[in-house]
Amino acid sequence: MPVQGIRTVTAARNGVGAFILQCKQLDFHYCDWAGSSRGMVAFLKHQLPAFAKANPQIEIRVSPRPHKHPVIKGHYINGREKAICVRNLEPEQIFNKANLLKEASGEKLKRTKKPITSLNESVRGIWSPYHGGFKSV
Amino acid sequence: MKRLQLQRWSSSVLSPQARAGSRLPRRIQHGLRYQSTNPFPVTDAEAEQLFEEEPSRSSIRPSQISKHALPSPPVEAARESAKLAALHARLYLPSRLPLETLGRTLVDESADPNANFNNESLATLGHDLLTQYTSEYLICTYPRLPMTVIFAAMYAYVGPKTLAAMTNEWGVELAAAPGGEVDPGHLQFRRLAPGTNPNETPMRTDRRWEEQTWRRSVTSKVVNDNVFGDPVRASVNPKLLAKAAAKNTAGVSAEEASAQFVRAVVGAIYLHAGRPAAKRFFEQHFLSRHLNISDLFNFSEPARDLARLCARESFEPPVAKVLSETGRLSRHPVFVVGIFSGKDKLGEGAGSSLLEARSRASVAALKAWYLYSPMNVRLPNSMEEDGAAPWKPVHVDLGEVIV
Amino acid sequence: MRPSVRLLNLEVPPIQGARTLYVCSVCRHAARPRPIVTRQFLRNASNANSLTEKVRRKIWGTDNPPGLKDPYGGEGALERRFKNKGAQVIEEAETPEASQAIDAAASEDAVPASADYEPATTWDGLDRVGHLGRWSDLPPAPADVYESFQVPKKITKKELLSLAAHQAVVELCLMHKLGKPLTSICEVVEHDKLIFKMIWKTKIVPSSNGQWSEALEYPNKQAEEALVYIFKQIGAEEAAETVEATEQVEETEEPLDELTEDLDTEQSKLAFCGYQKPRDNGHLSLSLNDPATKFAFLKRFSQLTGHFFPDPAAQSITTVQEAVTYVQQIMKSKPKKLADYLAKNQQYKKAPNVKVFAKRQKRSDRDEDLGRKKLIEAELRARGLLE
């Protein structure tokens, strides 16, 4: 057989076609009794519906967690979780924290040295000593 | 170009009760789908008989039944599930696709054998659509690709591994076991029993003499095998098939279930939102993925292939010439060899020996030939739109050289 | 200090000199017994002037030092006290009776004074304190019964609260008028039905100067007389006389009696004799500026309604109305749970991707969502770990 095919899998390029938000689930935990949940309760009462409407692709689960500080927990497509304790925070601050979790990719935080990565080959190619206008070897 | 008559038979998917008596059960059709040339081995009478044997369950389940008694979540649960709604929005699915159908796409056949509630019919439709769109795209974009590479590219775009990876990337979680109490947003399937080898399932073709691999040619693959060049299951007696389905003891692998889910989603979009939406979905989620087709080639004798190719295309026979070299007598010599056909340089390659450099140059020349891609290609499925411009045939080459 | 035997032995010239240790002469001297000290003790034993006496004389510098001769010996403090008490009682036996009554009370709790007092050597015949047997076997004493000051069940209805306030105000007005101590009204836990009806019929018209004693407006002369008569009785010997008073009222108030007959007998057992509402709300505008009146009112009101007024609340209350509103305020139901609020919220109902749980989500809930729970349970059942 002259030529064989090699089986591979296409690599995802999120955002080239469709963009899949990496945050798939946000858990909002609050306590009915404790004072540290006051801002969280206000956030859940007044701001969460708008937040949920703006982010329909995130599953939002609101559940009490008695005798604990309020927590927002984000579940990501890569299987990781991120939790932020929002005790004693104002509703606006909690909104910012929720936004932070929503925009996160789920990866561990790391310093980005090369901001652009590509799956495609370099257009210029790799330098070779045997090509180009060399005069003599 | 003749349009596919999908809408006609897909109506039976949408309303399961409306299965005409004269038409065969879809299960049998599915079993025979990939055997393109075979006539149906069962007669209508047999099919009717088989139809009677199927466990008859009314399409509307009484609500008194406990959730735990159901094999898959009830239809009403789809509206309650936040997970399902989030998935709907995450995939940018059209609003005409209801949550109930999306929930149905997540129920594998192994979880719920009732065809009214599992995704099998949708997956069959989706598989056909996916393979059609992908093969059109590949053949029209790269008209000279060898058949084996087309198979590999098809596998890369819509193969089960890719679809399983997509399920994962879409954020769909797999349920541990199917059941009525499970959240409808989880992919439900019966898992393989521990210790089962998923590849053990016998892959037999219809033709006994083709079971030996050395007899199977590319032509035989095109004719008999599925879109990925894999042999398909032999046609089994439908009675046995139905019995196996009724017992439903065997599970499926997670990869297979995930692939079925993605196919079912495409099928559901096609049925509910129409062809343009399905095409858009395909372009956005499948074609947008990255695949370097030049990596799919595996040549064994590139120099010989190139010679045959030049003979077929009536070019002058290829000649390899050393373009430059260094350290021929050293430990690390480098030769740069060009392949010339007459005065035209077909390809160039560098290697540590003259033979290696020549074969690299041949590979470069062959890839340059095979990977030709015309500009502004128009796909045949654009003819399905209303008011499309008259079709101009696209150029499709002969394909690979036959040695 | 007892001299060490080992050191004393050293005095004897050692026969086996090499085997014994050498001890210096100073140590040998120190280890020797003191013949002088021994002689002193011997002398003291036969002498009248003990060593302590000599020391005392030396300290005080006189031959006759003050204080006890032997501070560490002699009779104990208790014995001395009993001796004194006995002498006192004998003296007081001749004093007039008036002073005896007071002293008797004082001396009763002490040990009965008598000349032939003998300290007990065993516990037989002594008074017993506490329970040596089983406490639960003892019959109940009258002191064991507990009666709450407040009514056992708190009153929650708005009308009944107003009625209680009305009753308290009328009573306190009468007490004001009669010039009696205001809080003594609390001795009457419940009025007779007839008296209560009279109280109920009495109107409160707040006078301009805010005097409580002039705020009453009786239904008729008879009722005024009866109420004044009854409230005069409230005080020291009340229990016997209220019966008399009610008998008298029954004689005088024949027509009222007939009126009350239509009320059910069952209802009469209810709070406020089955009345549901005060006749008017004039009492609500009375002010509680006078601290004594305020205290009396709050005490009576809390007795009738069962609600307690903490100090900050009692401080801020200035009118009867405020007292009633305060009780109503604390009666309001607890704040609702957030989950209930969210479940009713229309915006949440519209959002399909939001799920609100009323209870904490545990691992088992997630197991059930994934369908894993039934597998776990089945496995536990198979191993007999779950019934």
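Fair warning: this is a prediction, and the values are worked out from it, not measured in the lab.

## Focus: the overall build of chain A
Okay, step 1: Tallying secondary structure elements over chain A gives 2 helices and 5 strands in all.
Okay, step 2: Order of helices (α) and strands (β) in chain A, N terminus to C terminus: β-β-α-β-β-β-α.
Okay, step 3: Of all 137 residues assigned to chain A, the portion counted as buried reaches 29%.
Okay, step 4: Taking contacts inside chain A between residues at least 6 apart in sequence as the whole, the part at least 24 apart equals 74%.

## What about the overall build of chain C?
Okay, step 1: Each helix and strand in chain C was counted, giving 19 helices and 3 strands.
Okay, step 2: The buried share of chain C, taken over its 387 residues, is 19%.

## As for the pairing of strand β4 (residues 344–351) of chain B
Okay, step 1: Note that strand β3 (residues 334–341) of chain B and β4 of chain B share 7 bridges and pair antiparallel. The residue of β4 of chain B that forms the bridge with V336 of chain B is A350 of chain B.

## Quick look at the sheet that holds strand β5 (residues 81–85) of chain A
Okay, step 1: If you walk across this open sheet you meet the 5 strands as β5(A)-β4(A)-β2(A)-β3(A)-β3(C), and the pairing is mixed. A single partner strand is all that each edge strand has here, and the edge strands are β5 of chain A together with β3 (354–356) of chain C. Shown here is a sheet whose adjacent strand axes are inclined to one another by a mean of 15°, direction ignored.
Okay, step 2: In the sheet, strand β2 (residues 23–30) of chain A pairs with strand β3 (residues 59–64) of chain A via 6 bridges, with the strands oriented parallel. Within the sheet, the bridge partner assigned to Y30 of chain A lies in β3 of chain A and is P64 of chain A.
Okay, step 3: Across the sheet, helix α5 (residues 82–90) of chain B lies against β2 and β3 of chain A together with β3 of chain C, angled at about 150° from β3 of chain A, the strand it touches most.

## Description of the pairing of strand β4 (residues 71–76) of chain A
Residues and elements named next belong to chain A.
Okay, step 1: Pairing of β2 with β4 involves 6 bridges; the strand directions are antiparallel. Residue C23 lies in a different strand from β4, and its bridge partner there is Y76.
Okay, step 2: With 5 bridges joining them, β4 and β5 adopt antiparallel strand pairing. Paired with G74 across the bridge in β5 is K82.
Okay, step 3: Two successive antiparallel strands, β4 and β5, enclose a turn made up of 4 residues, where G79 displays a positive phi of approximately 95°.

## Describing the sheet that holds β4 of chain B
Residues and elements named next belong to chain B.
Okay, step 1: Here we have 3 strands laid out as an open sheet, ordered β2-β3-β4, and antiparallel in their pairing. Here the strands that pair on one side only, and so sit at the sheet edges, are β2 (318–326) and β4. Taking each pair of neighbouring strands and ignoring which way they run, the sheet shows an average axis angle of 20°.
Okay, step 2: Set on the sheet, helix α15 (residues 354–370) makes contact with β2, β3 and β4; between it and β4 the angle comes to about 135°.

## What about the interface of chain C and chain B?
Okay, step 1: At the junction of the two partners, chain C supplies 11 residues and chain B supplies 13 residues.
Okay, step 2: Going through the elements one at a time, β3, α18 (363–370) and α19 (372–382) of chain C are the ones with two or more residues in the side of chain C that touches chain B.

## Points about the confidence of the model for chain C
Detailed conclusions should not be drawn from predicted coordinates in areas where pLDDT is low.
All names here are of chain C.
Okay, step 1: The predicted model of chain C has a mean per-residue pLDDT of 74, with 70% of residues at 70 or higher.
Okay, step 2: In the predicted structure, residues 93–109 sits below a pLDDT of 50 and forms 5 contacts with residues beyond four places in sequence or in another chain.
Okay, step 3: In the model output, the complex is listed with pTM 0.65 alongside ipTM 0.92.

## Details of the interface of chain A and chain B
Okay, step 1: Each side of the interface is counted separately: chain A has 28 residues, and chain B has 43 residues.
Okay, step 2: Those elements giving two or more residues to the side of chain A that touches chain B turn out to be β1 (3–5) and β3 of chain A.
Okay, step 3: Classifying every residue of the side of chain A that touches chain B by side-chain character gives 17 nonpolar, 6 polar and 5 charged.
Okay, step 4: Judged from the 3 bridges that link them, β1 of chain A and strand β1 (residues 297–299) of chain B form a sheet pairing that is antiparallel. Counterpart to Q4 of chain A in the pairing with β1 of chain B is N298 of chain B.

## Structural notes on the nonpolar core
Okay, step 1: Counting residues in each nonpolar core, the largest one holds 112 residues, and the members touching the most others are L44 of chain A together with A153, M154, V266 and I269 of chain B.
Okay, step 2: Not counting chain neighbours up to four residues away, the residues in contact with A153 of chain B comprise L138, L291, I293 and L296 of chain B.
Okay, step 3: Counting residues in each nonpolar core, the second largest holds 44 residues, with A164, A165, L182 and L298 of chain C among its members.

## Let's talk about α15 of chain B
One full turn of an α-helix is made of 3.6 residues, so residues set three or four places apart face in the same direction.
Okay, step 1: The terminal C-alpha atoms of α15 of chain B lie 24 Å apart, and with 17 residues this matches the ideal 24 Å at 1.5 Å per residue to within 8%.
Okay, step 2: Turning to α15 of chain B, its buried residues number three or more, namely A357, R358, S359, R360, A361, S362, V363, A365, L366 and Y370 of chain B.

## Quick look at helix α2 (residues 91–103) of chain A
Residue and element names in this part refer to chain A.
Okay, step 1: Counted at 1.5 Å a residue, the expected span for α2 with its 13 residues is 18 Å, and the 18 Å between its end C-alpha atoms agrees.
Okay, step 2: Listed in full, the buried residues belonging to α2 are I94, A98 and L101. For α2, the arc enclosing every buried residue in end-on projection is 60°, short of the 170-degree limit, so these residues lie on one face. Across from the buried face of α2, at angles greater than 90 degrees, the exposed residues are E92 and E103.
Okay, step 3: Its buried side turned inward, α2 meets β2, α1 (38–54), β4 and β5.

Quick notes on the rules
- Residues numbered from 1 in each chain as written.
- Chains lettered and ligands numbered in written order.
- Predicted model: local features only at pLDDT ≥ 70, side-chain atom pairs only at ≥ 80, totals over all residues.
- Helix = DSSP H or I, 4+ residues; strand = E, 2+ residues; numbered from the N terminus.
- Buried ≥ 20, exposed ≤ 12 C-beta atoms within 10 Å, placed from the backbone.
- Contact = placed C-beta atoms within 7 Å.
- Pairing = 2+ DSSP bridges.
- Axes fitted to C-alpha atoms, helices over the stretch in contact; angles between N-to-C directions.
- pLDDT = per-residue confidence, 0-100.
- Nonpolar A, V, L, I, M, F, W, Y, C, P; charged D, E, K, R; others polar.
- Core = buried A, V, L, I, M, F, W, Y, C linked by C-beta atoms within 7 Å.
- Expected span 1.5 Å × (residues − 1).
- Arc of directions from axis to C-beta.

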